[in-house]
Amino acid sequence: MTARRVVVAGAIVADRRLLLAQRSYPPEVAGMWELPGGKAEPGESRESALRRELREELGVEVTVGAALKESVALRHDLVLVALRAHIEDGTPRAVEHRAVRWVDADELRRLHAEGSLVPADTAWVPELLADLAKR
Ligand code: DCM
């Protein structure tokens, strides 16, 4: 049996806005918005993996907090989890993505309604909307 790999994504909320990144590949999801992140290497903790991925993808240094409640099975051997993260240094820029943007609750709702979020990430919308309403 293959070991289960984890994809970690960052839920970065600041000033009642959530950071989203627009995928540039593969074609099925290019143009859709996601919580940025990527695969943890074997033996790498989720927290370290997220710090590394956000450094590579956005050019920011983050501290990592608690996981969102939902996790999503991408394949039988791949699970997607979101961890809250806080930017300590840098301004997010699209290094591997097409664009990055900060969205408020209304914009997140609209992107979701339009089908503009990466499908797996829609699991987090209710929890993220609750966050955006209170912070
Ligand atoms: N993925 C996802 N949602 C995210 C981040 C990643 O569904 N917020 C998926 C896309 C790929 C896998 O995880 O199937 C690995 O991501 P990447 O291609 O960004 O390394």
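Only a predicted model underlies this, so the values are computations on that prediction, with no experimental measurement involved.

## Quick word on the packing of aromatic side chains
Okay, step 1: Counted by the stated rule, this structure contains zero aromatic pairs.
Okay, step 2: When the ring centre of Tyr25 is taken as reference, the NZ or CZ atom of Arg23 above it lies at 4.7 Å.

## Notes on unusual backbone geometry
Glycine aside, negative phi is the norm for most residues, and most peptide bonds take the trans geometry.
Okay, step 1: In this structure, the amide linkage connecting Tyr25 to the following residue, Pro26, adopts the cis form with an omega of -20°.
Okay, step 2: By the secondary structure assignment, Pro26 is in the loop between strand S2 (17-22) and strand S3 (33-34).
Okay, step 3: The phi torsion at Asp15 lies on the positive side, around 50°, for a residue other than glycine.
Okay, step 4: According to the relative accessible area criterion, Asp15 is exposed, its value standing at 72%.
Okay, step 5: Unlike most non-glycine residues, Arg16 shows phi in positive territory, near 60°.
Okay, step 6: If you trace the backbone, Arg16 turns up in the loop between strand S1 (5-14) and S2.

## Considering the site of the ligand
Okay, step 1: Lining the immediate surroundings of the ligand are Val7, Ala9, Arg23, Tyr25, Glu34, Leu35, Gly37, Leu74, Leu80, Val118, Ala120 and Asp121.
Okay, step 2: Measuring from an oxygen atom of the ligand, one finds a side-chain N or O atom of Tyr25 at 3.4 Å.
Okay, step 3: Leu35 places a main-chain nitrogen or oxygen 2.7 Å from a nitrogen atom of the ligand.
Okay, step 4: Protein contacts shield 77% of the accessible area of the ligand, which totals 440 Å² for the unbound molecule.
Okay, step 5: When its residues are assigned to classes, the shell around the ligand shows eight nonpolar, one polar and three charged.

Conventions adopted
- Residues numbered from 1 in each chain as written.
- Predicted model: local features only at pLDDT ≥ 70, side-chain atom pairs only at ≥ 80, totals over all residues.
- Heavy atoms only, no water.
- Phe/Tyr/Trp six-rings, centres within 6.5 Å; stacked < 30°, edge-to-face > 60°.
- Lys NZ or Arg CZ within 6 Å of the ring centre and 35° of its normal.
- Helix = DSSP H or I, 4+ residues; strand = E, 2+ residues; numbered from the N terminus.
- Buried < 20%, exposed > 50% of the residue type's maximum accessible area, 1.4 Å probe, protein only.
- Near = heavy atom within 4 Å.
- Polar contact = N/O pair within 3.5 Å; in protein donor to acceptor, adjacent residues only side chain to side chain.
- Areas by Shrake-Rupley, 256 points an atom, 1.4 Å probe, with all protein chains shown as cover.
- Nonpolar A, V, L, I, M, F, W, Y, C, P; charged D, E, K, R; others polar.

Purely geometric stuff here, so don't read any function into it on its own.
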